[in-house]
Amino acid sequence: MPNKDFADDDIVASVEDVNMDYAAACTYTKMMQAETYSYIKSMISSIDSVPSNLWRQKMDDSKKTYGEQFNETSLNAIKDILIANLHKEDYGIEYTKEDKSKCEEVANDLIANTNKKTLDAMNADYESVMDVLELMTIEAKMKNKIMNDIAVDLTEKDITQATFYYLNVKNEKEAKKIIDELNNGLDFDTVTKDHEFTPKKASYTVASPEYDIYDEKMLDTAVNLTAGESDYYLTDGGAVVICMDSLNDKDATNAKKEELTLKEKNVAYSNMLEGWKLQDKVAINDDAWDTIKASDKIVFEKKESEMEDNGENGGVISSGDTTTSIDVTASDGGEVNASVY
């Protein structure tokens, strides 16, 4: 990896007259690195400690390392941000005084709550944070505008949800006892309270049950039940009682509709960006980017929520009521060299 020095205003990525300079690219990437590291840490730490060479670790079921995946995703995100900014006038998107005021709040919060050692390692200052937030705000407003205009056609077959409750019990004898009580007229809530069980709830798509999400035995049992019916199946550790609540759960169906609608809109928006990127190539300074990419030499970790989308004004980034902080340490626990490797 080259070890070159770059000026803050050296251009790392550009498309026509829209660009991201070295300081902004460093700031953005290290913010995302802190967010990603904290997420991975939360997933891994419940099982084991986070390895010091995390970014060189292979991802599950993938030939890529966490670092390779992060660097690829981050660079693509930078391209998306620049491409969206390039087309902002086509959609009447502006960076307003209100947008600027909210970004200033976030930038001040980040600078105030992040120590100098970390800011130096991020190559971040108030100006670079503001540059990043302006680009991200415009991209967020663009995405909101475009996605609002995308129509998604879903059928009842796509979204109708069945909902059931299930109980993990000790053995087949206990499962049969619960089934008998239900068949003899006791309601499900009474039975679970009497046995001091806490039932769990699950929903599936009636036309195409999600076998990739749920246990096969669980769904095989559930799909053969009508509303109000119960059955059980055996497991290595005991038995599971299934009680079908509804074959057309309106709340679950509405939730599925929202989920699929958002998914389809995101896919359509991503496809639009990819089309623009084929039309308008984003130029990357590879030497500069190589000095910004994630490595195990420095660990960036998010300490609080960095930014929120307040859901208004097309997704303008807002600081809300949270504080913003990023921490940095050397992977070996020693002093951090205040530069980005």
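Just so it is clear, the structure is predicted and the values come from calculations on it, not from any experiment.

Caption draft 1: Structural view of the overall build of the protein chain. Within the protein chain, the secondary structure is distributed over eleven helices and eleven strands. Taking all 341 residues of the protein chain together, 44% fall into the buried category. Sequence separation of 24 or more characterises 74% of the internal contacts of the protein chain that already satisfy a separation of 6 or more. Just so you have it, the protein chain exposes about 18500 Å², and 44% of that area is on carbon and sulfur atoms.

Caption draft 2: Examining the environment of Tyr91 more closely. Within the fold, Tyr91 resides in the loop between α2 (66–86) and α3 (97–113). Accessibility expressed as a relative area gives 25% for Tyr91, which makes it partly exposed. Spatially, the C-alpha atoms of Tyr91 and Lys141 are 9.6 Å apart, while their sequence positions differ by 50 residues. Not counting the four nearest positions on each side in its chain, Tyr91 is found in contact with Met142, Lys145, Ile146, Met272 and Trp276.

Caption draft 3: Geometry of the pattern of salt bridges. Applying the stated criterion to the full structure yields eleven salt bridges. One salt bridge in this structure joins Lys277 and Asp80, with 2.7 Å as the shortest N-O distance. Of this pair, Lys277 sits in helix α10 (residues 250–279) while Asp80 sits in helix α2, and the two are 197 residues apart along the sequence. Each member of the pair, Lys277 as well as Asp80, carries the same accessibility label: buried. Between Asp149 and Lys145 there is a salt bridge, and its shortest N-O distance comes to 3.9 Å. Accessibility expressed as a relative area gives 53% for Asp149, which makes it exposed. Residues joined by salt bridges that share partners form a network here, namely Asp80, Glu274 and Lys277.

Caption draft 4: Quick peek at the side chain of Glu174. Within the fold, Glu174 resides in helix α7 (residues 172–183). Summary of buried charges: Glu174 has no salt-bridge partner, and the nearest side chain of opposite charge, Lys170, is 4.8 Å away. Non-local contacts of Glu174, meaning those with residues more than four positions away in its chain, are made with Val169 and Phe197.

Caption draft 5: Examining the packing of aromatic side chains more closely. Per the stated rule, a full pass over the model turns up five aromatic pairs. Look at Phe6 and Tyr22: their rings are 5.4 Å apart centre to centre, the planes differ by 25°, and that puts the pair in the stacked class. With a gap of 16 residues between them, Phe6 in the segment before β1 (11–15) and Tyr22 in helix α1 (residues 22–44) connect regions that are remote in the sequence. The exposure class of Phe6 is buried, given its relative accessible area of 19%. Of the residues examined, Tyr22 reaches a relative accessible area of 6% and is grouped as buried. Among the aromatic residues, those joined into a cluster by ring pairs are Phe164, Tyr166 and Tyr204.

Caption draft 6: A look at the sheet that holds strand β3 (residues 161–169). Read across the open sheet, the four strands follow the order β4-β3-β6-β5; overall the sheet is antiparallel. Across the chains shown, the open sheet's two edge strands, defined by having one partner strand only, are β4 (200–205) and β5 (230–235). Ignoring which end each strand starts from, the neighbouring axes of this sheet average 30° apart. In this structure, β3 lies alongside strand β6 (residues 238–246), joined through seven bridges in antiparallel fashion.

Caption draft 7: Region of interest: unusual backbone geometry. Even without being a glycine, Asn123 presents a positive backbone phi close to 55°. By secondary structure assignment, the location of Asn123 is in the loop between α4 (116–122) and α5 (126–148). With a phi angle near 55°, Glu196 is a residue other than glycine that sits in the positive phi range. Mapped onto the elements, Glu196 comes out in the loop between α8 (188–194) and β4.

Caption draft 8: Looking closely at the confidence of the model for the protein chain. Looking at the protein chain, the pLDDT average stands at 85 and 84% of residues meet or exceed 70. Throughout residues 305–324 the model reports pLDDT below 50, and contacts reaching past four residues in sequence, or to other chains, amount to 53 contacts.

Caption draft 9: Examining the pairing of β3 more closely. By the criterion of burial, β3 is predominantly enclosed, with seven of the nine residues buried. Bridge count for β3 against β4 is six bridges, and the pairing is antiparallel. Its bridge partner being in β4, Ala162 is matched across the sheet by Tyr204.

Caption draft 10: Region of interest: α7. Between its first and last C-alpha, α7 extends 16 Å over twelve residues, near the 16 Å set by a 1.5 Å rise per residue. Along α7, the residues classified as buried are Glu174, Ala175, Ile178, Ile179, Glu181 and Leu182. Along the axis of α7, the buried positions cluster into a sector of 160°, meaning they face one direction only. Opposite the packed face of α7, turned more than 90 degrees from it, sit the exposed residues Lys173 and Asn183. The elements touched by buried residues of α7 are β3, α8, β5 and β6. Where α7 begins, the capping side chain belongs to Asn171, and its oxygen is found 3.3 Å from the backbone nitrogen of Lys173. Note on α7: the residue one or two positions beyond its end, Gly185, has a positive phi of about 105°.

Reading guide: rules and limits
- Residue numbers run consecutively from 1 along every chain, following the written order of its sequence.
- Only residues with pLDDT of 70 or above have their local features reported here, since the model is predicted, and side-chain atom pairs are shown and tallied only from 80 upward, although totals for entire chains, interfaces and linings are computed over all residues.
- To get the side-chain values, take all heavy atoms of the structure and skip hydrogens and water.
- Secondary structure counts use DSSP, requiring at least four H or I residues in a row for a helix and at least two E residues in a row for a strand, with both numbered from the N terminus.
- Each residue's exposure class comes from its accessible area (1.4 Å probe, protein chains only) as a fraction of the maximum for that residue type: buried when under 20%, exposed when over 50%, partly exposed otherwise.
- The contact criterion used throughout is that any non-hydrogen atoms of two residues lie within 4.5 Å.
- What sets the accessible areas is the Shrake-Rupley method with a 1.4 Å probe; for residues, cover comes only from the shown protein chains.
- Put simply, a salt bridge is a Lys or Arg side-chain nitrogen that is within 4 Å of an Asp or Glu carboxyl oxygen.
- Positive charge is attributed to Lys and Arg, negative charge to Asp and Glu, and no charge count is given to His or to the chain ends.
- Pairing of aromatic rings covers Phe, Tyr and Trp, the last through its six-membered ring, and needs centres within 6.5 Å; plane angles under 30 degrees mean stacked, over 60 mean edge-to-face, and all others mean tilted.
- Whether two strands pair comes down to DSSP finding at least two bridges between them.
- In this description, a line fitted to the C-alpha atoms serves as the axis of each element, helices being fitted only across the stretch in contact, and the angle between N-to-C directions of two axes falls anywhere from 0 to 180 degrees.
- A residue's pLDDT is the predictor's confidence in that residue, given on a scale from 0 to 100.
- Expected helix span is computed as 1.5 Å times (number of residues minus one).
- Each direction from the helix axis to a C-beta atom contributes to the arc, which is the arc of those directions.
- Here a polar contact is recorded for every N or O atom pair within 3.5 Å, except that within protein the pair must consist of a potential hydrogen donor and a potential acceptor, and residues adjacent in sequence are included only if both atoms are side-chain atoms.

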